[in-house]
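Structural features, examined
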There are 2 protein chains.
Amino acid sequence: MKKIPEPTIDRLSIYLRCLSTLEKEGVETISSQELAARFNLHSAQIRKDLAQFGEFGVRGTGYHVKRLRSCIERILGLDVPRNIGVIGAGNLGRAIADYEGFLETNFTVAALFDNDPAKIGLKTKLGVQIYDVTDLKQVIKDKSLDIIVLALPATVAQQVLDQVVEAGIKAVLSFAPTQLNVPEDVKLKVVDLTVSLDTLSQSLVAHRLEENLLVTDLDP
Amino acid sequence: MKKIPEPTIDRLSIYLRCLSTLEKEGVETISSQELAARFNLHSAQIRKDLAQFGEFGVRGTGYHVKRLRSCIERILGLDVPRNIGVIGAGNLGRAIADYEGFLETNFTVAALFDNDPAKIGLKTKLGVQIYDVTDLKQVIKDKSLDIIVLALPATVAQQVLDQVVEAGIKAVLSFAPTQLNVPEDVKLKVVDLTVSLDTLSQSLVAHRLEENLLVTDLDP
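Presented here is a report on the structure given in the accompanying data block. Quick caveat: nothing in here was measured; it's all calculated off a predicted structure.

**Points about the interface of chain A and chain B**
Each partner contributes residues to the interface: chain A has 68 residues there, and chain B has 68 residues. Interface area, chain A with chain B, both sides summed: about 6,000 Å², of which 65% is carbon and sulfur. Linking chain A with chain B are 2 salt bridges, by the criterion used here. The residue Asp198(B) makes a salt bridge to Arg17(A) at a minimum N-O spacing of 2.5 Å. Seen at the junction of chain A and chain B, the total is 16 residue pairs in polar contact (both at pLDDT 80 or more). Every element with two or more residues in the side of chain A that touches chain B is listed here: helix H1 (6–24), strand E4 (82–87), helix H5 (91–97), strand E7 (147–150), strand E8 (171–174), strand E9 (187–190) and helix H8 (193–218) of chain A. Here the element with the most residues in the side of chain A that touches chain B is H8(A); it accounts for 18 residues. Within the side of chain A that touches chain B, the residues separate by chemical class into 36 nonpolar, 15 polar and 17 charged.

**What about the nonpolar core?**
Ile72(A), Leu197(A), Leu50(B), Ile72(B), Ile96(B) and Leu197(B) are the most contacted members of the largest nonpolar core, which totals 94 residues. Beyond its immediate sequence surroundings of up to four residues, Ile96(B) is in contact with Leu193(A), Val86(B), Phe102(B), Val109(B), Val149(B), Ala151(B) and Phe175(B). Ranked by size, the runner-up nonpolar core spans 23 residues in total, among them Ile140(B), Ile169(B), Ala176(B) and Leu180(B).

**Re the relation of the copies chain A and chain B**
In screw terms, the move from chain A to chain B is a rotation of 180° and a rise of 0.0 Å along the axis, fitting with an RMSD of 0.0 Å. One copy is carried onto the other by what is essentially a two-fold rotation axis. Relative to the rotation axis, the closest C-alpha in chain A is found at Asn91(A), a distance of 2.4 Å. Mapped onto chain B, 100% of the interface residues of chain A again fall at the interface, so both copies present the same surface.

**Considerations on the pairing of E8(A)**
Residues in a regular strand point their side chains to alternate faces of the sheet. Residues and elements named next belong to chain A. The two faces of E8 match: Ala171 and Leu173 on one face and Val172 and Ser174 on the other face are all buried. Sheet topology note: the E7/E8 ladder contains 4 bridges and is parallel. Opposite Ile148, over in E8, you have Val172 as the bridge partner. The parallel pair E7 and E8 is bridged by helix H7 (residues 154–166), and the resulting crossover is right-handed. Where E8 lies against E9, 4 bridges are found, and the strand directions are parallel. Note on E9: the bridge partner recorded for Val172 is Leu188.

How each quantity is defined
- Residues numbered from 1 in each chain as written.
- Chains lettered and ligands numbered in written order.
- Predicted model: local features only at pLDDT ≥ 70, side-chain atom pairs only at ≥ 80, totals over all residues.
- Heavy atoms only, no water.
- Contact = heavy atoms within 4.5 Å.
- Buried area = accessible area lost by both parts, 1.4 Å probe.
- Salt bridge = Lys/Arg side-chain N within 4 Å of Asp/Glu carboxyl O.
- Polar contact = N/O pair within 3.5 Å; in protein donor to acceptor, adjacent residues only side chain to side chain.
- Helix = DSSP H or I, 4+ residues; strand = E, 2+ residues; numbered from the N terminus.
- Nonpolar A, V, L, I, M, F, W, Y, C, P; charged D, E, K, R; others polar.
- Core = buried A, V, L, I, M, F, W, Y, C linked by side-chain atoms within 4.5 Å.
- Buried < 20%, exposed > 50% of the residue type's maximum accessible area, 1.4 Å probe, protein only.
- Least-squares fit on C-alpha atoms with pLDDT ≥ 70 in both.
- Pairing = 2+ DSSP bridges.
- Right-handed = clockwise from strand over helix to strand, strands pointing away.

Following this line, the structure appears as structure tokens:
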């Protein structure tokens with residue numbers, strides 16, 4: 001089992017959510033075509049993605065929903081619980097700590113950190129405790145945190161990230177709108193809201209152009 | 001100008017942030033190698049991405065920072081202002097409304113929506129007004145909203161999305177952890193926190209395996 005390309009992981013992750021939904025509905029088997037139609041996916045892509053990891057489908061029957069779900073979970077390392085620490089107890093940090101999408105996963109937000117004395121010691125709506133960020137190293141150890149999420153202003157992100165790396169964390173998700181540096185053995189994933197919106201902005205440009213082209217095409 | 005593949009748009013968007021940083025620092029020209037080294041990017045990828053849109057580099061000098069920035073902005077449709085409406089004034093919605101990453105862009109969060117009477121009429125820290133979601137159609141028109149961001153529970157996301165589509169919106173960013181359906185002419189981008197964490201989880205598996213493999217390799 002080697003490192004899987006990120007776009008493939010993202011798709012496996014989406015298949016996983018779909019399979020969980022189907023399992024809850026009592027669906028036992030599903031073909032790649034049905035899976036694609038039901039969740040707006042591409043059936044050829046599904047078959048290609050899954051074929052990399054072995055033979056999952058049965059000719060004429062399709063995939064066994066429950067079995068496939070647990071295989072993907074193992075591939076993604078989601079069969080073991082992961083404890084998450086979130087640094088920054090502002091709106092974003094608290095939104096992540098109480099994110100409903102984690103409820104049915106093995107991800108648990110086990111600690112929230114801040115440097116504001118007025119916030120330290122409080123709990124979020126769902127009961128996640130806010131710790132002093134100066135106790136970071138100790139809490140990472142005590143709570144067995146695997147993944148750190150940065151929900152911080154860009155100006156302090158690198159400085160806090162350095163402390164996180166020094167504490168031995170190997171996986172970081174950052175929401176700070178800035179480029180960050182980590183050593184080679186640390187995986188950093190940056191979610192930049194502006195980048196997501198740029199895609200939408202470009203689609204609006206393409207949209208306008210298509211409409212114009214359509215008008216031109218119809219012109220005699 | 002056609003629709004550009006999403007991974008390319010994401011990278012162009014990252015180059016844009018980097019070029020803005022360089023411009024602020026007074027850097028006038030930069031080679032693809034320097035750009036790559038400075039921001040942890042790949043120089044061959046930069047050259048390939050940019051070559052699709054014309055000749056930007058000058059042999060021996062590299063890219064003209066300011067000129068390249070404004071070209072990428074045009075390609076992404078970021079040279080015109082975009083008004084964003086955020087639906088859901090919980091922690092996440094308020095975090096997005098006040099997101100510092102928008103400050104230096106043409107994106108403006110012009111309205112926040114909720115159905116909670118206790119929230120309607122209030123403003124966020126940065127002054128974004130919270131409107132009644134039942135006035136969605138009117139506010140989209142009055143505020144010329146181009147893009148809608150869904151910061152809602154999964155259970156109500158599709159229902160609200162249908163209203164958004166009916167109001168004529170062509171670009172939607174969703175944070176709801178669920179699969180959603182839109183007509184073909186509407187661009188939907190889903191940011192699923194769990195998917196981002198899955199990548200990190202898989203990297204932890206790969207990490208552990210690499211360490212084990214290393215040990216095996218060293219074994220006589």
